[in-house]
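The residues making up each chain are set out below.
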Amino acid sequence: DTEVTQTPKHLVMGMTNKKSLKCEQHMGHRAMYWYKQKAKKPPELMFVYSYEKLSINESVPSRFSPECPNSSLLNLHLHALQPEDSALYLCASRRTGGENTEAFFGQGTRLTVV
Amino acid sequence: LAKTTQPISMDSYEGQEVNITCSHNNIATNDYITWYQQFPSQGPRFIIQGYKTKVTNEVASLFIPADRKSSTLSLPRVSLSDTAVYYCLVVKKSSGDKLTFGTGTRLAVRP
């Protein structure tokens, strides 16, 4: 199994809503990532988890709250978002150790904030 | 982190070989060079990784000169389905390191 599964695929939410994005992998990867991608732009790193601990936060606004409940799951909790937060949110995972740097990406969640 | 520079876009025709060059002047000793492909509304997909000299797999080759300050992704005999954005990343081995995407190269393959 070399898949990273993201749910939901599409999400429309109001600015006062609270929602969560989910990401799951069963490859035993201990590094997991959240990215935000706007149209025709490269993926922009948001958070990195290493061994279930937050290791990098790229100065992301607090309305985005990541969580890594176990080694297979990564969540992104959303609250009080703005329309400019509408984007494709990508999750990725990567193995630890060794010389293989390959990261596996999910298909993303298309988020629309109205 | 080593910054990467790539051409913004390239055009090619089916059946041609395409070479995309990436500049990474401040690459460190323990950095690897990796390339990803991304189609619209999909996550990036790993293509190839290299440290030095030449690496080849079933889809591409990666050429890295001795000074490692640049690299070239070579796609043999492209088809329409190779139309995508190609990203060059410089990555450290350590698992918790950033994977930072540059602007990428938008490749358009025409019939």
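Residues numbered from 1 in each chain as written. Chains lettered and ligands numbered in written order. Predicted model: local features only at pLDDT ≥ 70, side-chain atom pairs only at ≥ 80, totals over all residues. Heavy atoms only, no water.

A. Inspection of the state of the cysteines at higher detail. Residue and element names in this part refer to chain A. The tally for this structure, following the rule as stated, stands at two disulfides over all chains. Two residues share a disulfide in this structure: Cys 23 and Cys 91, whose sulfurs sit 1.8 Å from each other. Because the sign of the S-S torsion sets the handedness, a value of about -70° for the bond joining Cys 23 and Cys 91 places this disulfide among the left-handed ones. With a gap of 68 residues between them, Cys 23 in strand S3 (residues 18-25) and Cys 91 in strand S9 (residues 87-94) connect regions that are remote in the sequence. Neither Cys 23 nor Cys 91 differs from the other in exposure class; each is buried. You can see Cys 68 has no disulfide; the closest cysteine sulfur is in Cys 23, sitting 9.1 Å from it. Its relative accessible area of 13% is what places Cys 68 among the buried residues. (Disulfide = S-S within 2.5 Å. Helix = DSSP H or I, 4+ residues; strand = E, 2+ residues; numbered from the N terminus. Buried < 20%, exposed > 50% of the residue type's maximum accessible area, 1.4 Å probe, protein only.)

B. Structural context of the environment of Phe63(B). Residue and element names in this part refer to chain B. Mapped onto the elements of the fold, Phe 63 is located in strand S6 (residues 61-64). For Phe 63, a relative accessible area of 35% translates into the label partly exposed. When the C-alpha positions of Phe 63 and Thr 21 are compared, they lie 9.2 Å apart, and in sequence the two are 42 residues distant. Excluding its chain neighbours within four sequence positions, the residues that come into contact with Phe 63 are Thr 53, Lys 54, Ser 70, Ser 71, Thr 72 and Ser 74. (Contact = heavy atoms within 4.5 Å.)

C. Molecular detail of the sheet that holds strand S7 (residues 70-75) of chain B. All names here are of chain B. Read from one edge of the open sheet, four strands run S2-S7-S6-S5, paired in antiparallel fashion. At either margin of the open sheet sits one strand with a lone partner, and together these are strand S2 (18-23) and strand S5 (53-56). Neighbouring strand axes in the sheet, compared pairwise and without regard to direction, differ in orientation by 15° on average. Relative to S7, S2 is paired through six bridges, and the arrangement is antiparallel. Bridging across to S7, Cys 22 finds its partner in Ser 71. (Pairing = 2+ DSSP bridges. Axes fitted to C-alpha atoms, helices over the stretch in contact; angles between N-to-C directions.)

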